[in-house]
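# Geometric and topological summary
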Amino acid sequence: MHRARSTIRAAGRLRTLPLKSGRMMSVAATPEPTPSTQALLDLSAAYVLPVYVRPDFVLSHGHGSYVYDTAGKRYLDFSAGIAVNALGHADAGVVQTIAEQAGKLLHTSNVYHNEWSPRLAELLVTLTQREGGLGFAPGTAPGPGAKVFFSNSGTEANEGALKIARKVGKDRGGAGKTRIVCFEGGFHGRSMGALSVTTNPKYQAPFAPLVPGVDVGRLNDIEGLEQLVTEETCAVIVEPIQGEGGVNSAEVEWLARLRARCNAVGAVLIFDEIQCGLYRSGTLWVHSTLPVECHPDVVTMAKPLANGYPIGAVLLRNSIAETMTAGTHGTTFGGSPLACAIGHHVLSRLADGNMVSQMNATSVYLDERLGELPVRFPGVLEGKVRGRGLIRGLGFLDAKHPGSVVDLARARGVFVLTAGKNVVRIVPSLNVGREEVDTAIDVIAGCIAELERV
Ligand SMILES: Cc1ncc(COP(=O)(O)O)c(C=O)c1O
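If you're wondering where the values come from, they're calculated on a predicted model, not measured in any experiment. (Residues numbered from 1 in each chain as written. Predicted model: local features only at pLDDT ≥ 70, side-chain atom pairs only at ≥ 80, totals over all residues. Heavy atoms only, no water.)

## Observations concerning the sheet that holds strand β8 (residues 214-217)
Heads up, the rule is: Following DSSP output, two strands are said to pair if at least two bridges run between them. Helix and strand assignments follow DSSP, with helices taken as H or I runs no shorter than four residues and strands as E runs no shorter than two, numbered in order from the N terminus. What counts as an axis is a line fitted to C-alpha atoms, over the stretch in contact for a helix, and the angles between N-to-C directions run from 0 to 180 degrees.
Taken in spatial order, the seven strands of this open sheet run β6-β14-β13-β12-β9-β7-β8, and their pairing is mixed. Each edge of the open sheet carries a strand with a single partner, namely β6 (146-151) and β8. The average angle at which neighbouring strand axes cross in this sheet is 20 degrees, direction not considered. Summarising the sheet, strand β12 (residues 268-272) and strand β13 (residues 298-301) pair through three bridges and their orientation is parallel. Bridge pairing in β13 places Phe271 opposite Val299.

Right, here's the structure in full:
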């Protein structure tokens, strides 16, 4: 079908949007940059590697779920720095923790112990025991039942997890047990190892050859598991809810079969909960509420753990951790007193009962409001809203629409993200309120109506 294109002037650049009819649409987008903003954009164009496509404004500050650009325009941030700012922007407690710890000790390297890395590791393990995960049923007594390795990003956490699984594989099955299984639509990072298990050709092709020995399966394909995961497999890595891939949930039955197959061949099961974990789905881990028969051996995390200060972590069962001895892995910055002090503060706040109840109440409300959209726009949206808690996706029947909705919503002061081929992804801060949900959904609905109208 012929699709007309309308033009949007986005701060000095003309953008085209695919529309249903032949009519043109004109949308008031970002205003022309002020001279001082333009000067920053020019500096960026001149000196920053152009690997990101960004709109022509510059963010300067934020508060709660709102961010402001240098021209004073306010945006409701339902992207939360790609599922990072769990407590919103400029949170007073986070600011105070940073100031206090920065005034005492920023960095020591891992040549020395610091005060916060063991405390954050203990909190991660004991919360997992309390709430369920990593083979612990909810309500397990707290104690030293698992170990943590701290990194600086999600990619680095996955890289560490894959390395650990390779070593476990060799311990268990000798030199040939090195193959790694991942799934279509998964996103695990951009380093050579993490990229090798991130099967999107757009990300992989320019950098081939990648790490060999990777087998790619399909999420929720039970029949394929036996052939996919073999005696040569040392690791299986999967997101229980794929974020970048389109907010696709792994089914419980499939996870149980996957776990059973990993047990049968002695493969390490890694859950990448970097985007979906740490309460975003409503519980500590997506798998916290699943039977222990579905639980992984290793969980990787990053994004919200320090609310935007860089940190990542690998949480491992003791049975896996014991392969790692002094000198087998390491990092200069990972586990710094500053990152871990912030992580401890953020995680303690997220785990608080009142916070969890408030998140769950907001999730129920968001679910209600999102549920209105497929009913209102049956010709545009998939019938079922994807995801759970505060990681949600609206699937579009036309793959060109999500990008248009993201652009239109931003022009109307709301940030959302695309995901996969045909999804608008909604990942607000975890302390977002009902009024903000109303604003975001009303704007998204207005944008879809705009697409429908023209
Ligand atoms: C599920 C998942 N894993 C890994 C990563 C990579 O994390 P980072 O960008 O912190 O390296 C991401 C980032 O979006 C992610 O969503």
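## Comments concerning the packing of aromatic side chains
To keep it simple, the criterion reads: Working definition: rings of Phe, Tyr and Trp (its six-membered ring) pair if their centres are within 6.5 Å, and the pair is stacked with planes under 30 degrees apart, edge-to-face with planes over 60 apart, and tilted otherwise. Distance and angle both matter: a charge sits over a ring if NZ of Lys or CZ of Arg is within 6 Å of the ring centre and within 35 degrees of the ring normal.
Across all of its chains, the model carries five aromatic pairs by this definition. With a centroid separation of 6.1 Å and 10 degrees between ring planes, the pair formed by Phe57 and Phe415 is classed as stacked. Separated by 358 residues along the polypeptide, Phe57 in the loop between α1 (35-47) and β3 (59-63) and Phe415 in strand β17 (residues 414-415) bring together distant segments of the chain. Where Tyr75 meets Phe415, the ring centres are 4.7 Å apart and the plane angle is 25 degrees; that geometry is what we call stacked. A residue pair is termed long-range when its members are at least 10 positions apart, and Tyr75 in strand β5 (residues 74-77) and Phe415 in strand β17 qualify at 340 residues. In this arrangement the basic side chain of Arg74 is found over the ring face of Tyr66, its NZ or CZ atom lying 3.9 Å from the centre. Positioned over the ring face of Trp116 is Arg119, at 4.7 Å from the centre of the ring.

## Some words on the site of the ligand
Here is the rule we go by: By convention in this text, a residue qualifies as near a molecule or strand provided that one of its non-hydrogen atoms is within 4 Å of it. Distance and chemistry together define a polar contact, namely a pair of N or O atoms within 3.5 Å, with one atom able to donate a hydrogen and the other to accept it when in protein, and with adjacent residues in sequence counting only for side-chain atoms on both sides. The method behind every accessible area is Shrake-Rupley, applied with a 1.4 Å probe, and residues are considered shielded solely by the protein chains displayed. Lys, Arg, Asp and Glu make up the charged group, whereas Ala, Val, Leu, Ile, Met, Phe, Trp, Tyr, Cys and Pro make up the nonpolar group; the residues left over, Gly among them, are polar.
Taken together, the neighbourhood of the ligand is formed by 13 residues, with Gly154, Thr155, Asp272, Gln275 and Lys303 sitting nearest. At 2.5 Å from an oxygen atom of the ligand is found a side-chain nitrogen or oxygen belonging to Thr155. Gln275 is positioned such that a nitrogen or oxygen atom in its side chain is 2.8 Å from an oxygen atom of the ligand. In the complex, 82% of the free accessible area of the ligand, which totals 390 Å², lies under the protein chains. Here the shell around the ligand takes three residues from helix α5 (residues 154-173), the largest share from any one element. For the shell around the ligand, the per-class residue count stands at two nonpolar, seven polar and four charged.

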